[in-house]
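# A look at the structure
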Amino acid sequence: MSENPAASRIPEGPEGFDAAMEPERYELLARPAYSFEMQRRDFFKVLGAGILIFCVAKEAFALQESGGGRRQFGGQPLPKEISAWLHLGENGMVTTYTGKVEVGQNVRTSLSQAVAEELRFPIEKITLVMGDTQLTPYDAGTFGSRTTPTMNLKLRQVSAAARDALIELAAKQWNTDAKDLAAADGKITDSRNNRSVEYAELLKGRQITQNIPAEDPLIPPAQWTVEGTPVPKVDGRDFVTGKHRYPSDQALPGMLYGKVLRPPAFGATLSSVDTRPAEQTAGLVVVHDGDFIGVAAPSTDGAAGAVAGIHAEWKTEPGQPSSENVFEYLKDNPEPGRGGEQNTENPPANEASAPGAQRMSATYTVAYIAHAPLEPRAALAQWTDDNHLTVWTGTQRPFGVRQELAQAFRLPEDNVRVLMPDTGAAYGGKHTGECAVEAARLAKAAKKPVKLVWTREEEFTWAYFRPVGVIDVRATLDGGQITEWEFDNYNSGGAGLESFYAIPHKTTRFHRTKYPLRQGSYRALAATANHFARESFMDELAHAAKVDPLEFRLNHLHKDDPTQGRLRAVFEAAAEKFGWGKSAKAAGHGFGMGGGFEKAGNVATFAEVAVDEKSGDVSVVRLATAFEGGAVVNPDGLRNQLTGANIMGIGGALFEHIDFANGRILNPRFSKYRVPRFSDAPKIEVVLLDRKDIPPAGAGESPIMGVASAIGNAIFDAIGTRLRAMPMAPHGLKKA
Amino acid sequence: MPRVNQLRVNGKTYTIDADATASLLFVLRDQLGLTGSKYGCGEGQCGACTVLLNGNPRRSCITKVGTAATREITTIESLEKDGKLHPVQQAFLDEGAMQCAYCTSGMIMTAVALLRANPRPSEDQIAQYMEGNICRCGTYPRIIAAVQRAAQAGTEPRA
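Quick caveat: nothing in here was measured; it's all calculated off a predicted structure. (Residues numbered from 1 in each chain as written. Chains lettered and ligands numbered in written order. Predicted model: local features only at pLDDT ≥ 70, side-chain atom pairs only at ≥ 80, totals over all residues.)

Let's shift gears to the overall build of chain B. Assigned secondary structure in chain B consists of six helices and five strands. Taken against the 2.2 N^0.38 rule, which gives 15 Å for 159 residues, the C-alpha radius of gyration of chain B at 16 Å falls within 12% of a compact globule. Reported as C-alpha extents along the three principal axes, the dimensions of chain B are approximately 45 × 35 × 25 Å. Counting all 159 residues of chain B, 57% fall into the buried class. (Helix = DSSP H or I, 4+ residues; strand = E, 2+ residues; numbered from the N terminus. Rg over C-alpha atoms; globule rule 2.2 N^0.38 Å. Buried ≥ 20, exposed ≤ 12 C-beta atoms within 10 Å, placed from the backbone.)

So, in structure tokens, the structure goes:
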């Protein structure tokens with residue numbers, strides 16, 4: 001069901017995660033344990049009478065992962081692969097349950113659209129319960145752009161099944177043929193006999209459960225009336241009024257505020273600490289447990305002051321790599337790991353190429369960057385007794401965090417509940433539960449609820465970074481065509497590694513290396529780095545071949561190849577919008593492009609930059625970006641993602657970077673780590689290609705991939721200087 | 001150390017107990033339960049904590065509660081009146097000018113102050129005035145459009 005060639009490989013982790021293709025998801029180590037928290041009678045007790053539809057996952061790997069103790073359901077063994085369910089009550093309200101979470105990608109709205117569409121029910125009467133380990137089905141996590149291709153489909157299936165069951169009920173009640181009945185706007189209508197009945201009316205006093213049927217045709221995208229339309233954010237009003245409670249806004253009576261003592265650097269170990277003065281302070285709870293030192297106090301300031309007053313001696317590890325020499329370090333420190341390092345299609349010949357052919361090579365680098373979600377990690381932990389823990393926290397993996405908590409406190413997972421209120425962004429940076437574990441440790445000692453909100457400095461230092469990397473590219477150019485391609489990525493990752501261009505001989509390799517800082521997933525993973533290298537080098541090759549860069553790409557993308565044809569289409573659409581080959585260029589301005597295919601999404605971004613050669617300032621004047629990821633579910637939400645991804649991408653392209661030396665982060669603040677601001681946002685034109693014949697893909701990630709190379713290629717066009725290191729202009733071009 | 005026992009917030013007088021040097025943001029959030037103002041950086045660099053002091057936008061994370069005690073404090077919670085959104089709130093909804101929306105209350109408070117000072121700002125003037133507010137999701141173009149929409153709404157005669 002996925003366009004991704006990786007989908008056919010054997011997965012080595014949670015759903016949607018292929019360790020062979022995406023080794024940079026370093027933070028995802030554990031296998032999931034499927035579970036199901038509520039019994040059928042509990043459902044109806046909580047929700048009232050009505051109809052309950054379950055979606056049972058049929059994916060082979062989900063079945064492989066379904067070991068462990070079985071649960072009972074109505075006297076029958078309960079399938080453990082249930083991935084979503086829907087309840088339509090006799091009160092006329094619909095509640096849908098999914099383990100996916102909302103971090104600003106707007107899936108609460110797009111998933112509600114899926115239910116409204118297939119159930120033919122008003123969207124304002126639909127509630128989505130998301131990411132609550134006690135109420136929602138197991139879910140490996142909200143990552144990999146999987147929510148739209150998988151959960152949207154599953155919710156369509158449960159909703160269609162509910163609709164059909166309601167039609168059957170009405171047919172029975174009226175003693176008529178179901179084929180003559182239609183569902184719309186929460187009612188079943190029999191137009192022949194001029195009668196209709198509300199869904200809720202049909203369900204009075206009933207308790208019906210069923211799984212989705214093996215086959216039930218869904219409404220095709222071409223006939224969508226709710227999906228495919230720009231439905232506004234379903235709970236937008238709660239955000240503009242400040243009413244929405246993010247994880248960091250959660251509170252409980254008697255709650256204390258936590259703070260953790262951090263080492264001064266990565267790799268530092270505690271030599272000595274004196275917590276006695278803090279312990280003697282009234283109202284303060286101090287925990288020193290192994291490497292963990294933290295306090296809980298009646299106020300945020302009080303907790304911070306108490307930790308600042310603890311005297312600790314640390315032994316730091318000298319001689320660690322720094323941001324200055326990290327690229328040499330990566331190449332000098334290989335660390336071979338399991339599978340997926342190499343993919344070869346007719347390896348390039350070792351002997352000399354054809355006479356007249358041109359061999360070219362270049363090395364690209366990417367720095368460590370931070371996700372810097374505006375809401376830092378936050379958790380509120382409450383122990384109801386010594387063995388039962390509830391934590392509200394901002395995470396993309398509530399079930400993964402539950403497992404971390406269960407392991408940390410040696411509890412059965414059933415004793416731990418994790419709830420994920422809609423969170424202040426993540427970008428792949430909130431897959432882990434360290435803040436939840438810390439808050440829970442403090443709450444255990446305090447015997448009161450404890451809230452812990454990481455400071456910005458902690459978030460910049462102790463979260464994980466997008467991996468640093470080196471990419472070597474070599475190619476042979478013969479008669480304007482690329483005949484050989486070699487691509488070696490050191491450490492940054494395997495996503496987007498493969499070239500989608502038509503080249504007869506290709507070899508790509510991912511090399512594991514040692515690395516100096518904590519690193520992990522980031523929006524689009526290594527696809528940004530790999531596209532930066534590939535698309536910049538395509539520009540170098542086009543210039544060497546003296547062919548227009550757009551034409552050069554199109555010469556390597558066959559119209560009749562299903563993958564290449566789609567990519568061609570986005571390059572052509574973005575070129576058209578940008579006015580490639582037609583727009584006039586001011587002095588000091590340059591044009592460039594970059595694009596690619598990843599996670600079933602195709603993107604092409606074109607950039608115009610202005611370079612002030614005197615000051616070295618680089619600014620992005622305008623962007624045109626085209627995206628095609630199958631049928632569009634919400635064009636407004638999609639445009640928002642495309643615009644936002646491109647603006648975020650400008651940061652990593654031009655100036656974002658972590659400065660570090662000897663395990664210390666030297667710029668862990670917004671005053672020292674520059675992120676894109678209003679003045680960095682160019683004019684952006686967005687083109688959506690709506691392929692109603694292709695299932696919808698997620699779009700939170702792949703739209704970020706093209707912008708860095710587009711900017712780099714535009715800088716080359718403007719001043720003739722090729723920039724091969726991201727960020728390309730951390731202090732303008734002068735010191736670059 | 002001097003303590004602060006009273007605070008005027010959104011037209012109401014609150015009794016509090018805080019050190020005069022405590023951060024206004026944490027007093028609002030932790031003592032008064034007004035969590036619409038957000039913590040984003042603690043150094044006045046991101047604008048998520050923006051409130052109005054006597055009508056002027058201030059970073060509440062680096063404002064001492066002792067300083068705020070002599071002023072009228074306005075937070076996001078006061079903008080909606082009798083179930084009706086402030087024109088800036090309405091414009092943010094109409095433009096869909098948010099993703100995770102964690103920056104939204106700070107953006108709205110800054111925009112309210114801007115429109116009081118300059119009822120018809122240009123795109124450049126909006127960008128310049130709001131440069132200190134970070135939207136990490138990158139919704140800047142929509143925020144500019146929302147502020148312009150609110151400016152438009154503000155100049156139309158009210159029914």
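Of regular secondary structure, chain A possesses 17 helices and 31 strands. Counting all 736 residues of chain A, 54% fall into the buried class.

With that settled, the discussion passes to the pairing of strand β23 (residues 481–490) of chain A. All names here are of chain A. Counting buried positions along β23 gives seven out of 10 residues, so the element sits mostly inside the fold. Direction of pairing for strand β22 (residues 469–478) relative to β23: antiparallel, over a ladder of nine bridges. For Arg-474, the partnering residue across the bridge sits in β23 and is Glu-486. If you look at the hairpin formed by β22 and β23, you'll find two residues sitting between the two strands, and Gly-479 has a positive phi there, around 60 degrees. In this sheet, strand β24 (residues 505–511) lies alongside β23 in parallel orientation, the contact comprising seven bridges. Within β24, the residue paired with Tyr-490 across the bridge is His-511. (Pairing = 2+ DSSP bridges.)

A separate point is the nonpolar core. Grouped together as the largest cluster of nonpolar side chains are 253 residues, with contacts concentrated most on Val391(A), Ala439(A), Phe606(A) and Ile711(A). Every residue in contact with Ala439(A), bar those within four places of it in the chain, is listed here: Gly258(A), Ala379(A), Leu380(A), Ala381(A), Val391(A), Val450(A), Lys451(A) and Leu452(A). (Core = buried A, V, L, I, M, F, W, Y, C linked by C-beta atoms within 7 Å. Contact = placed C-beta atoms within 7 Å.)

Right, let's get into the interface of chain B and chain A. Contacts between the two partners involve 42 residues from chain B, matched on the other side by 45 residues from chain A. Of all the secondary-structure elements, those providing two or more residues to the side of chain B that touches chain A are α1 (24–31), α3 (87–95), α4 (104–117) and α6 (140–155) of chain B. Looking at side-chain class alone, the side of chain B that touches chain A contains 22 nonpolar, 14 polar and six charged residues. (Nonpolar A, V, L, I, M, F, W, Y, C, P; charged D, E, K, R; others polar.)

A common way to express how large an interface is: the accessible area buried when the components associate. All names here are of chain A. As assigned here, chain A comprises domain 1 (32–240), domain 2 (247–306 + 377–453) and domain 3 (326–368 + 465–726). Inter-centroid distance (C-alpha atoms) of domain 1 to domain 3 is 39 Å. On the domain 3 side, the residues contacting the 19 residues of domain 1 number 20 residues. Mapped by element, the contributors of at least two residues to the side of domain 1 that touches domain 3 are α3 (107–119) and α4 (147–174). At four residues, α4 tops the list of elements feeding residues into the side of domain 1 that touches domain 3. Classifying every residue of the side of domain 1 that touches domain 3 gives six nonpolar, 11 polar and two charged. (Domains from an automatic or database assignment.)

Residues and elements named next belong to chain A. Where helix α10 (residues 398–408) meets helix α11 (residues 434–446), the axes come as close as 9 Å, and the angle between the chain directions of the two elements is 40 degrees. Between α10 and α11, the angle falls in the class oblique. Regarding α10 and α11, the two cross each other, and that crossing is right-handed. When α10 is examined against α11, the residues Val-401, Glu-404, Leu-405 and Ala-408 are found in contact with a partner set consisting of Ala-436, Val-437 and Ala-440. Partitioned by chemical class, the residues of the contact of α10 with α11 number six nonpolar, no polar and one charged. (Axes fitted to C-alpha atoms, helices over the stretch in contact; angles between N-to-C directions. Parallel < 35°, antiparallel > 145°, perpendicular 65-115°, else oblique. Left-handed = near helix turned anticlockwise from the far one by under 90°.)

So, about α3(A). Residues and elements named next belong to chain A. With 13 residues, α3 extends 18 Å between its outermost C-alpha atoms, agreeing within 8% with the 18 Å of an ideal straight helix rising 1.5 Å per residue. The buried fraction of α3 amounts to 12 of the 13 residues, a majority that puts the element mostly inside the structure. Every buried residue of α3 is accounted for by Val-107, Thr-109, Ser-110, Leu-111, Ser-112, Gln-113, Ala-114, Val-115, Ala-116, Glu-117, Glu-118 and Leu-119. The inward-facing, buried residues of α3 abut β4 (82–89), β5 (94–98), β6 (126–130), α4 and α16 (635–655). One or two residues past the end of α3 sits Arg-120, with phi positive at roughly 55 degrees. (Expected span 1.5 Å × (residues − 1).)

Moving on to the packing of α3(A) against α4(A). All names here are of chain A. In the contact formed by α3 and α4, the axes pass within 7 Å of each other and the chain directions differ by 30 degrees. Here α3 is positioned roughly parallel relative to α4, judged by the angle of their axes. Helix-helix and strand crossings are classified by hand; for α3 and α4 the assignment is right-handed. Touching Val-107, Ser-110, Leu-111, Ala-114, Val-115, Glu-117, Glu-118 and Leu-119 of α3 are Thr-147, Thr-148, Met-151, Asn-152, Leu-155, Arg-156, Ser-159, Ala-160, Ala-162 and Arg-163, all from α4.

Here we take up the sheet that holds strand β7 (residues 181–184) of chain A. Residue and element names in this part refer to chain A. What the three strands build is an open sheet, ordered β7-β8-β9; its pairing is antiparallel. Looking along the sheet, the strands with just one partner apiece sit at the ends: β7 and β9 (195–198). For this sheet, the mean angle separating the axes of adjacent strands, direction not counted, is 25 degrees. Sheet strands touched by α4: β7, β8 (187–190) and β9. Its angle to β7, the strand with the most contacts, is close to 135 degrees.

A few words on the environment of Asp132(A). Residues and elements named next belong to chain A. When you line up the elements, Asp-132 lands in the loop between β6 and α4. On the basis of neighbour count, Asp-132 is assigned to the partly exposed category, with 19 C-beta atoms found within 10 Å. Residues Asp-132 and Glu-535 lie 403 residues apart in sequence; the distance between their C-alpha atoms is 41 Å.

End to end, α4(A) covers 39 Å across 28 residues, agreeing with the expected 40 Å (1.5 Å per residue, within 8%). Just downstream of α4(A) lies Asn175(A), where phi reads positive at about 55 degrees.

Here we come to the domain arrangement of chain B. Residues and elements named next belong to chain B. Taken domain by domain, chain B holds domain 1 (3–78) and domain 2 (87–155). Placing the centre of domain 1 and that of domain 2 at their C-alpha centroids yields a distance of 21 Å. Contact with domain 1, which involves 14 residues of that partner, is made by 12 residues of domain 2. If you tally residues by element for the side of domain 1 that touches domain 2, the top one is strand β3 (residues 50–53), at three residues. Among the residues making up the side of domain 1 that touches domain 2, the classes are represented as seven nonpolar, six polar and one charged.

Quick look at the sheet that holds strand β25 (residues 589–598) of chain A now. All names here are of chain A. Strands sit in the order β25-β26-β27-β30 across an open sheet of four strands; the sheet is mixed. The open sheet has two edge strands with one neighbour each: β25 and β30 (683–688). Adjacent strand axes in the sheet meet at a mean angle of 15 degrees when their direction is disregarded. As judged from the six bridges shared by strand β27 (residues 618–628) and β30, these two strands associate in the parallel manner. Along β30, the bridge assignment pairs Phe-627 with Leu-688. Packing of helix α15 (residues 562–578) onto the sheet brings it into contact with β25, β26 (601–611), β27 and β30, and relative to β27 it is tilted by some 135 degrees.

Mean pLDDT over chain B works out to 95, with 97% of the residues at or above the 70 mark. Both scores are available for the predicted complex, with the pTM at 0.93 and the ipTM at 0.97. (pLDDT = per-residue confidence, 0-100.)

Quick look at the environment of Ala113(B) now. Residue and element names in this part refer to chain B. If you trace the backbone, Ala-113 turns up in helix α4. Classification of Ala-113 by C-beta neighbours within 10 Å gives buried; the count is 20. Considering only alpha carbons, one finds Ala-113 and Gly-55, 58 residues apart in sequence, at a separation of 6.7 Å. Excluding its chain neighbours within four sequence positions, the residues that come into contact with Ala-113 are Leu-52, Gly-55, Asn-56 and Pro-57.

Let us now look at the environment of Glu201(A). All names here are of chain A. Relative to the assigned elements, Glu-201 resides in helix α5 (residues 199–203). For Glu-201, a count of 15 C-beta atoms within 10 Å puts it in the partly exposed group. For the pair Glu-201 and Gly-50, spaced 151 residues apart in the sequence, the C-alpha separation amounts to 9.8 Å.

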